[in-house]
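Fold and contact review
Residues per chain are reported as follows:
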Amino acid sequence: MPEPVFGRLLTAMVTPMTPTGEVDLECAARLAARLVDEQRNDAVLVNGTTGESPTTTDEEKAALVRAVVAAVGDRAQVVTGVGTNDTRHTVELARQAADAGADGLLVVAPYYSKPPQAGLVEHFTTVTDATDLPVMLYDIPGRTGTPIEPQTLIELAGHPHIVAVKDAKGKVVESATVMAACDLDYYSGDDAITPALMAVGGVGVIGTSTHFTGRRMREFIDLLVAGHHDEALVVYREILPVLTGVFAAQGVVMVKAGLAHQGFPVGSVRLPLVPATEAQAAEFGALLDRVNL
């Protein structure tokens, strides 16, 4: 089986902020390097939901891509979220990302407007045709309100530049059905269900907890791919409390609290998000200290 286009381990990186609430590009470059060099990521995903993409401007998104490409582009891929619920705007962001040096695009199903499946096909095809970059579809109906149905995914797999899915649907049998019918690379979009998805053909994870668990998740994935299932299960069970604990509040909130606890402050979050409470931060910090990372 060929290696996945984007590798096996990616992290949906938070966007560092200055004390005045501006995007901190210098810190973003250092965080990307930490994820690649210390946490063993194959690629870094910027401008995702965990990167607070709903509240960063188009100009900030482009600047983040450029900063992260400059920091790690010689040794890891940089994938960027470009999805919106407006096809024209998404096309603009896709072209902007290509110009900024991105290696791939993450395109979420349009949210709120709840388009029909035919609309999803047209949307994803139009955006993909706007650049030559490989595209990963993001299926997360809990946030968008619209699932990408299996037959739609199979149809879209026929496009030569649509190569992968970030799967946060939580329906492993549906995902297995798609994987059996086409060659899309499937990534777990929910850290804790990575073993289940990989058991039916998934290739890896785009994680949130992997800001902290990356090295152990890499160990888990490598063991699983090599067929050492019992050893992989031991690793998974050791880090499972962090895989779930990072979602005690919104993932970005807990990641920023956890990084501060580890001496790598990346600033706060933008409204309407609010920082972790003292209790949440203390509990998550204690969890990070307790688990073998």
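Criteria and thresholds
Residues numbered from 1 in each chain as written. Predicted model: local features only at pLDDT ≥ 70, side-chain atom pairs only at ≥ 80, totals over all residues. Heavy atoms only, no water. UniProt positions renumbered as here; feature names shortened; annotations may be inferred. Pairing = 2+ DSSP bridges. Helix = DSSP H or I, 4+ residues; strand = E, 2+ residues; numbered from the N terminus. Axes fitted to C-alpha atoms, helices over the stretch in contact; angles between N-to-C directions. Buried < 20%, exposed > 50% of the residue type's maximum accessible area, 1.4 Å probe, protein only. Contact = heavy atoms within 4.5 Å.

You'll find the protein entered in an unreviewed UniProt entry as 4-hydroxy-tetrahydrodipicolinate synthase, with Acidipropionibacterium acidipropionici given as the organism. The heading Sequence similarities (unreviewed entry) in the UniProt record of the protein holds the text "Belongs to the DapA family." In its Pathway (unreviewed entry) section, UniProt records this for the protein: "Amino-acid biosynthesis; L-lysine biosynthesis via DAP pathway; (S)-tetrahydrodipicolinate from L-aspartate: step 3/4."

**A closer look at the sheet that holds strand β8 (residues 204-207)**
Strand pairing in a sheet relies on backbone hydrogen bonds. The paired strands run either parallel or antiparallel. With respect to topology, eight strands assemble into a closed barrel ordered β1-β2-β3-β4-β5-β6-β7-β8, the strand pairing being parallel. Direction aside, the axes of adjacent strands within the sheet are offset by 25° on average. Pairing analysis gives four bridges linking strand β4 (residues 104-108) to strand β5 (residues 135-139), with the strands arranged parallel. For L105, the partnering residue across the bridge sits in β5 and is V135.

**Notes on the side chain of T128**
The residue T128 is located in helix α4 (residues 117-129) in this model. Overall, T128 belongs to the buried group, its relative accessible area being 1%. Beyond its immediate sequence surroundings of up to four residues, T128 is in contact with V135, H159, H161 and I162.

**Some details on the environment of A192**
Summarising the element assignment, A192 is placed in the loop between β7 (185-188) and α8 (194-199). A192 sits in the buried class, given a relative accessible area of 16%. Put simply, A192 and Y138 are 54 residues apart on the chain and 17 Å apart in space, counted from C-alpha to C-alpha. When sequence neighbours within four positions are dropped, the list of residues in contact with A192 reads Y236, L240, L243 and T244.

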